[in-house]
Amino acid sequence: MEKETNYARFNAPAVDGRGQRLYIETYGCQMNVNDSEVVAAIMQQAGFTMTDQMAEADIIFANTCSVRDNAEQRVWGRLDLFRQQKQRTPGLIVGVLGCMAERLKEQLLENGTVDLVAGPDAYRALPQLVSAAGSGQRGVNTLLSREETYADISPVRMDKNGVTAFVSIMRGCNNACAYCVVPYTRGAERSRPSQTILREVRMLLENGYREVTLLGQNVNSYCEPGAAESQTVTFARLLERVALEDPSLRVRFSTSHPKDMHNDVLYTIAMYPNICNHIHLPVQSGSNRMLEKMRRGYSREHYMERIAKIREIIPECAVTTDLIAGFCGETDDDHAQTLSLMREAAYDAAFMFRYSERPDTKAARHYPDDVSADVKTRRLNEIIALQNQLSLASNRRDVGKTFTVLAEGNSKRSDAFLFGRTSHSKVVVFPKAEFKAGDYVAVKITSCTSATLIGELAGMKNV
Ligand code: SAH
Ligand code: SF4
Ligand code: F3S
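On a predicted model such as this, the values are computed, not experimentally measured, just so you know. (Residues numbered from 1 in each chain as written. Chains lettered and ligands numbered in written order. Predicted model: local features only at pLDDT ≥ 70, side-chain atom pairs only at ≥ 80, totals over all residues. Heavy atoms only, no water.)

(A) The packing of aromatic side chains, seen in detail. Counted under the stated rule, the structure contains 6 aromatic pairs. Between Y123 and Y150 the ring centres are 5.9 Å apart and the planes differ by 15 degrees, which places this aromatic pair in the stacked class. Of the two residues, Y123 is situated in the loop between β5 (116-118) and α4 (126-134) and Y150 in the loop between β6 (139-141) and β7 (164-168); the sequence distance between them amounts to 27 residues. By relative accessible area, Y150 is classed as buried at 2%. Ring centres of F327 and Y367 lie 6.4 Å apart, and the angle between their planes is 80 degrees; this geometry places the pair in the edge-to-face category. Separated by 40 residues along the polypeptide, F327 in the loop between β13 (318-325) and α11 (332-345) and Y367 in the loop between α12 (362-366) and α13 (373-398) bring together distant segments of the chain. (Phe/Tyr/Trp six-rings, centres within 6.5 Å; stacked < 30°, edge-to-face > 60°. Helix = DSSP H or I, 4+ residues; strand = E, 2+ residues; numbered from the N terminus. Buried < 20%, exposed > 50% of the residue type's maximum accessible area, 1.4 Å probe, protein only.)

Shown next as structure tokens:
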């Protein structure tokens, strides 16, 4: 048993935030971004207000990530800064939320800067934890839940564009990838009732949003909770229902696990033009020996068969991936197989990481972290260099084509240009003319780099 107090379950008295200002910083994945929006909703309901200026905050929350050591190091650096801010602002409350909170628990209180610690399933208790901290009681709540999906909470959107939004459809993870800390920090997998997902999507539509990304660590194993077998809503069904809400709403999803990515999802994507033609399918390694040791639950052959099926059912589909360089015991030959798989799969883009041992994971307990830092870096650099070539080749194939781009906002470099994405999730920069964020714009691609497509207007389209 953990020794934290679960305030939410004790029906603690309602807290009145009296307009105290909350500043939230978010690290880690898209799920964390969406969780911060849930936290904002919970806090606003309790009478707190949000600020995007740390200097004027009464409360600072850092919603943290533990997936690699450098993610945690960044947060430790921020805590030093918050300590200085505390010296300038008496009464300032600092909270650590998210995966690092779950992993380190009380340890986070030890350096004296942190007043409260809340794990990913404890956010309903935040108003009480803040109120207790205000009266000098430092609190920790890192209880994980088998049910919590924050299904009834409408996240307060903190993005500025008002065009694209994340919608969490499940929480936790039931896989046991040997390198990964997520199942420990996020707990067991649970799906959110589909009606609450659809309600949230409708609300976003009413508020002018044009794109939703359905989020989960393994969206392909979505399963309507409590439904009789005949009424089971699979991920393919859920995707279809979301797509049917409005043909002008773009639908994306992340992340797909190669072992659970079945053809029904591919046929659904092919059937609905508003489901984007992009699948993020993390492979991690091209070597069967490594995949086995990582406990990914598929072989290279199975993975490549899935890629072939994607290309057959959705010929224009973009495929992106995640890769880890230098996992335990990885040889030059294993690494060469990763490079060869990347070429075969011809990825459009990839997130690439140096293996980082996470305490208490299966890998940390069973395998020595025996690839030297230099070798990890060299292999990662080779992977990055190859992916740059593949991304550039993929972008060059698009030059001369016309795509429907959903405009998201002004381009970073100039207000005379907008940026947006194609269905394939490629970023396009194009002249603004009379267009604005939220418009669908037909753009003809004229040139590219390995990261961006550059285009000219080809007229306006409806979808
Ligand atoms: N649920 C998602 C991944 C979540 S973590 C999935 O299974 O695809 C995002 C990515 O971080 C992973 O795909 C993996 O490539 C990387 N990652 C996870 N743990 C890591 C570690 N210990 N070291 C380096 N990279 C890691
Ligand atoms: Fe981690 Fe694997 Fe779960 Fe992804 S599927 S979150 S990599 S354990
Ligand atoms: Fe990081 Fe937790 Fe997401 S460890 S990647 S914030 S699930």
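That covers the picture; the talk isn't over yet.
(B) Inspection of the site of ligand 3 at higher detail. Ligand 3 sits among C29, N32, T64, C65, S66, V67, C99, V182, R186 and Q217. Broken down by class, the residue content of the shell around ligand 3 amounts to 5 nonpolar, 4 polar and 1 charged. A domain-level breakdown of the shell around ligand 3 finds at least three residues from each of domain 1 (21-141) and domain 2 (159-276). (Near = heavy atom within 4 Å. Nonpolar A, V, L, I, M, F, W, Y, C, P; charged D, E, K, R; others polar. Domains from an automatic or database assignment.)

(C) Structural view of helix α7 (residues 235-245). Residues of α7 that are buried: F235, A236, L238, L239, E240, V242 and A243. Turning to α7, the residues buried within the fold contact α6 (194-206), β10 (211-215), β11 (250-254) and α8 (263-271). (Contact = heavy atoms within 4.5 Å.)

(D) Here's a closer look at the nonpolar core. The biggest cluster of nonpolar side chains holds 55 residues, and the ones touching the most others in it are L214, F235, F253 and I279. No other element matches α7, which puts 6 residues into this core. The two domains that each donate at least three residues to this core are domain 2 (159-276) and domain 3 (309-397). Once residues lying within four places of it in the same chain are set aside, the contact partners of I279 are F253, S256, M261, L266, I269, I310, I314, C317, A318, V319 and T320. L22, V38, I42 and I153 belong to the second-largest nonpolar core, a separate cluster that totals 25 residues. (Core = buried A, V, L, I, M, F, W, Y, C linked by side-chain atoms within 4.5 Å.)

(E) Just the sheet that holds β7, in detail. What the 3 strands build is an open sheet, ordered β7-β10-β11; its pairing is parallel. The sheet is open, and its two borders are formed by β7 and β11, each paired with just one other strand. Strand-to-strand, the axes of this sheet are offset by a mean angle of 25 degrees, without reference to chain direction. In this structure, β7 lies alongside β10, joined through 5 bridges in parallel fashion. Directly across from F166, in β10, lies its bridge partner T213. The sheet strands contacting helix α1 (residues 30-45) are β7, β10 and β11, and the helix crosses β7 at an angle near 90 degrees. (Pairing = 2+ DSSP bridges. Axes fitted to C-alpha atoms, helices over the stretch in contact; angles between N-to-C directions.)

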